[in-house]
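# Coordinate inspection notes
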Amino acid sequence: MHQGNALLRLCLNIAKVAGPSIGGALVVASGPGWGLALDADTFFVAAILLSRMRIQTAPRRQDSLAKSMAEGWTEFWSRPWLWAIVLQFALVNVAWVGAFQVVGPALHSQRPGGAAAWGFVLSGMALGLILGGAVVLWWQRRDRDQDLSVGESIVPAMTSTTQAYAYAAPSSLVDGRLGLATSGGRALSGPVLAPRFFSGVVTQAAPAAAALLGIADVALARYHRPQSRPGWMRDPVVTCNGDRLRFESFSACGGVYARLDLLGGALDGEVFDRGTTNVDVNPPLREALARIGPRDPLHLGVGLDELVVTTGDGAVVEKKVPLPERWLRGFAEVQVIASRMDLRGELTGMAAVRFLRGLPKRGTVWVAQAGRELKVHDREVPGSVRLSGPNRLGTLLPLLRFAKALRVYGGADATSSAWELELPGMRYTLTLSPERWRGFSGEGATLDDLATAEAEDDADVVGMLLNFEPEVEIGLLAERAGIPADRVRAALTRLGAAGRVGYDLSEAAHFHRELPYDKEHVMLLNPRLAKARALAEAGAVRLDGEFATVTTAGGRRRVSLADGSCTCEWWWDHRGSRGPCKHVLAARIVARVAVEVAP
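All of the points below concern the structure found in this document. These figures come from a predicted structure and were not determined experimentally. (Residues numbered from 1 in each chain as written. Predicted model: local features only at pLDDT ≥ 70, side-chain atom pairs only at ≥ 80, totals over all residues. Heavy atoms only, no water.)

Attention now goes to the overall build of the protein chain. Within the protein chain one finds 18 helices and 25 strands. Every one of the 599 residues in the protein chain was classed for burial, and the buried ones make up 47%. Taking all contacts inside the protein chain whose residues are at least 6 apart in sequence as the whole, residues at least 24 apart take part in 71%. (Helix = DSSP H or I, 4+ residues; strand = E, 2+ residues; numbered from the N terminus. Buried < 20%, exposed > 50% of the residue type's maximum accessible area, 1.4 Å probe, protein only. Contact = heavy atoms within 4.5 Å.)

Moving on, we get to the sheet that holds strand 6 (residues 198-202). With mixed pairing, the 5 strands of this open sheet are ordered in space as 2-3-12-6-10. Looking at the sheet topology across the chains shown, the edges are occupied by strand 2 (172-174) and strand 10 (267-271). For this sheet, the mean inter-axis angle between neighbouring strands, taken without regard to orientation, is 15°. The sheet contact formed by strand 6 and strand 10 spans 5 bridges and is antiparallel. Across the sheet, residue Phe198 finds its bridge partner in strand 10, namely Val271. Contacting strand 2 and strand 3 (177-180), helix 7 (residues 283-290) crosses the sheet at an angle of about 45° to strand 2. (Pairing = 2+ DSSP bridges. Axes fitted to C-alpha atoms, helices over the stretch in contact; angles between N-to-C directions.)

A few words now on empty space enclosed by the protein. Counted under the stated rule, the structure contains 7 cavities of 30 Å³ or more. Looking at the largest cavity, its volume works out to about 90 Å³. Put simply, the parts of the chain that give the lining of the largest cavity at least two residues each are helix 6 (205-220) and helix 7. For the lining of the largest cavity, the element with the most residues is helix 6, which contributes 4 residues. Here the lining of the largest cavity is composed, by residue class, of 11 nonpolar, no polar and 1 charged. (1 Å grid on protein atoms, 1.4 Å probe; cavity = no way out; pocket = protein on both sides within 12 Å on 5 of 7 lines; lining within 4 Å. Points joined across faces, edges and corners; volume = space filled by probe spheres on them. Nonpolar A, V, L, I, M, F, W, Y, C, P; charged D, E, K, R; others polar.)

Next up on the list: helix 12 (residues 455-465). If you check which residues of helix 12 are buried, you get Ala455, Asp458, Ala459, Val462, Gly463 and Leu465. The arc enclosing the buried residues of helix 12, seen along the axis, measures out at 150°, which places them on a common side. Exposed residues lying more than 90 degrees from the buried face of helix 12 are Asp457 and Met464. (Arc of directions from axis to C-beta.)

In this section: unusual backbone geometry. Positive phi, close to 55°, is recorded for Asp175, a residue that is not glycine. Despite not being glycine, Ala508 shows a phi value in the positive range, around 50°. Relative to the assigned elements, Ala508 resides in the loop between strand 21 (501-504) and strand 22 (509-512). For Ala508, a relative accessible area of 53% puts it in the exposed group.

Position of Ser388 among the secondary structure elements: in strand 17 (residues 385-388). In terms of polar contacts, Ser388 uses its side chain to reach the side chain of Thr364, at 3.3 Å. If near-sequence neighbours (up to four positions away) are discounted, Ser388 is found in contact with Gly363, Thr364, Pro434, Glu435 and Arg436. (Polar contact = N/O pair within 3.5 Å; in protein donor to acceptor, adjacent residues only side chain to side chain.)

Bringing the nonpolar core into the picture now. Taken as a class, soluble globular proteins show a tendency for nonpolar side chains to be buried jointly. Core analysis: the largest hydrophobic core is formed by 64 residues, its most contacted members being Trp419 and Tyr428. Take this core: its biggest share by element is 10 residues, from helix 6. Formed by 19 residues, the second largest nonpolar core is a distinct cluster that contains Leu529, Ala532, Val550 and Cys568. (Core = buried A, V, L, I, M, F, W, Y, C linked by side-chain atoms within 4.5 Å.)

Tallying each qualifying case throughout the model produces 0 disulfides. We note that Cys566 lacks a disulfide partner, and the nearest cysteine sulfur, in Cys568, lies 3.6 Å from it. Unpaired in this structure, Cys581 has its nearest cysteine sulfur neighbour in Cys568, at a distance of 3.7 Å. The class for Cys581 is buried, based on a relative accessible area of 2%. (Disulfide = S-S within 2.5 Å.)

A word on the side chain of Thr395. Among the secondary structure elements, Thr395 is positioned in the loop between strand 17 and strand 18 (405-410). Residue class for Thr395 comes out buried when judged on its relative accessible area of 9%. Setting aside chain neighbours within four positions, we find Thr395 in contact with Gly214, Asp217, Val218, Tyr223, Tyr428 and Leu430.

On to the pairing of strand 18, then. Burial runs high along strand 18: 6 of the 6 residues are buried. Of the two faces of strand 18, the one holding Ala405, Arg407 and Tyr409 and the one holding Leu406, Val408 and Gly410 are both buried throughout. Strand direction decides the pairing type here: strand 14 (residues 342-348) and strand 18, joined by 6 bridges, are antiparallel. Considered in strand 18, the bridge of Leu343 is made with Tyr409. Where strand 18 meets strand 19 (residues 417-423), 6 bridges bridge the pair, whose relative direction is antiparallel. Residue pairing in the sheet places Ala405 in a bridge with Glu422 of strand 19.

Turning next to the sheet that holds strand 17. The 3 strands are arranged 16-15-17 in an open sheet whose pairing can be described as antiparallel. With partners counted over all chains shown, the strands left at the sheet margins are strand 16 (373-377) and strand 17, one partner each. Strand after strand, the sheet turns through a mean of 35° between neighbouring axes, direction not considered.

Our next topic: the pattern of salt bridges. For the structure shown, the criterion picks out 22 salt bridges. Among the ionic pairs, Glu373 bridges to Lys375, the shortest N-O distance being 3.2 Å. Among the salt bridges present, the one from Arg557 reaches Glu569, with a minimum N-O distance of 3.6 Å. Taken together, the positions of Arg557 in strand 25 (residues 555-560) and Glu569 in helix 17 (residues 569-574) put the pair 12 residues apart, joining distant regions of the chain. We classify Arg557 as buried; its relative accessible area is 5%. Taking relative accessible area as the criterion, Glu569 reaches 24% and is therefore assigned partly exposed. Three or more residues joined by partner-sharing salt bridges are found here, namely Asp243, Arg244, Arg246, Arg259, Asp261, Arg427, Asp504 and Glu507. (Salt bridge = Lys/Arg side-chain N within 4 Å of Asp/Glu carboxyl O.)

These values are about where atoms sit, not about what they do.
The structure is reproduced here in structure tokens:
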């Protein structure tokens, strides 16, 4: 809303620069009558433009005028930022606008220059307003790029850590042998410095090489600023689940999650261990992968054998890259958001190729199944998924020559989407955040599950039962852990926030992987949850049936426990689309405790 207001005022003030100058010149040249006539015509044009807008409105309630006014006044008074602005502009209108708009024209009509001079005065004032609007718009974009949410401040603990990679030798591709060097991670046998998971033949060399390049490209990309690539790369993560290899990466902007699943049909070799690690992807390796053709053989080794390490030049490859919390939170957000998606559309063969190549390069569109085709719409339709920034699907294009099918997934809120390309013996999936500039880390999808009292203890129990399975069966885990299935799901969310599980849309199942990040960061990675618990512990929540009142330094907030709405600025701006606010979370925490202690 803040960015929209800044953009609105910017456009309005641009019109104020040109308008008075043109109006003054028109009055001087043709008289005030023609000036008023042209002004009336602009309102007619504005009415035509406004009639083209499609705005979704909430259902109207049949309340009395007095009740509606009382409720409106309550909502108005509960937002100090709103009535403070109204009071400010009331004083401004009394002290400045009246005198300026009335006395200014009267004085200039008696001075040399007349109406034309007054027009230039107004243009100068509007120019200053334009500069102010541009600064606000730039400031909002700056905050947005850093994924700072309106209404939330960054606490000192929310700083960027550093991830250090140490490889015994660089990854290389020589004579058809692709050796991926590993750094750290965990295997069934425990923590290891340089794990070795797999060695064997990739039966579909060309699509595998192209898809690995796609994984690396996503890790380098900043889709909100396509011309700006970081000077470093967070190396992809690979998990060996026994019958498959999964390669994962996140874009540098945190808005695109990519995964390549090399399934058993594309692998023929020996599995040495199961686990998760980082793999080195360097520029020479990328160039070599790009040269692999459809008939070239490809032998893959995830983890270098002792012979390769000892016959190398002895140079250890070390890298240090920033690891911001918003990027770490993306692992949890994708896991939870994907688990709430369902299949919305599917194309096979050349139909998938034509569809992807025909997508627009920019903007926002909605995609929905229509018979055997996928149709692109300029507004939301039933069953559609939102696609903001179609260029973020760019890494699918080099894979189209191998494509067997395209599947599109979406959630009930029609915001985030997932695009799965089925290739020979493998799957390549891109999951996109709701907006090109918006990372998964601001969604807050995990907060409700993390706020449950049992989640931490249950996560410890469930985590001990995981064994790098390619599919995590919730029913089996519930039976073995002795807890209900809904608590297992909450525990999996907690584990996802610690980077220990992901979600496979094609198989509608979680999978186990252990990322090299500290699970104690979970609380620090969710400042809303930390603030909510602080409010609950401070006694700031008062329950009242299906409602609650939360008292903060900024005033009292009224929370509906049923639909998760709140009277705070956060809910007013996002309407729940980015997860619950801290007041709703605090109220739910207190409500759960009240249920537990009730006789």
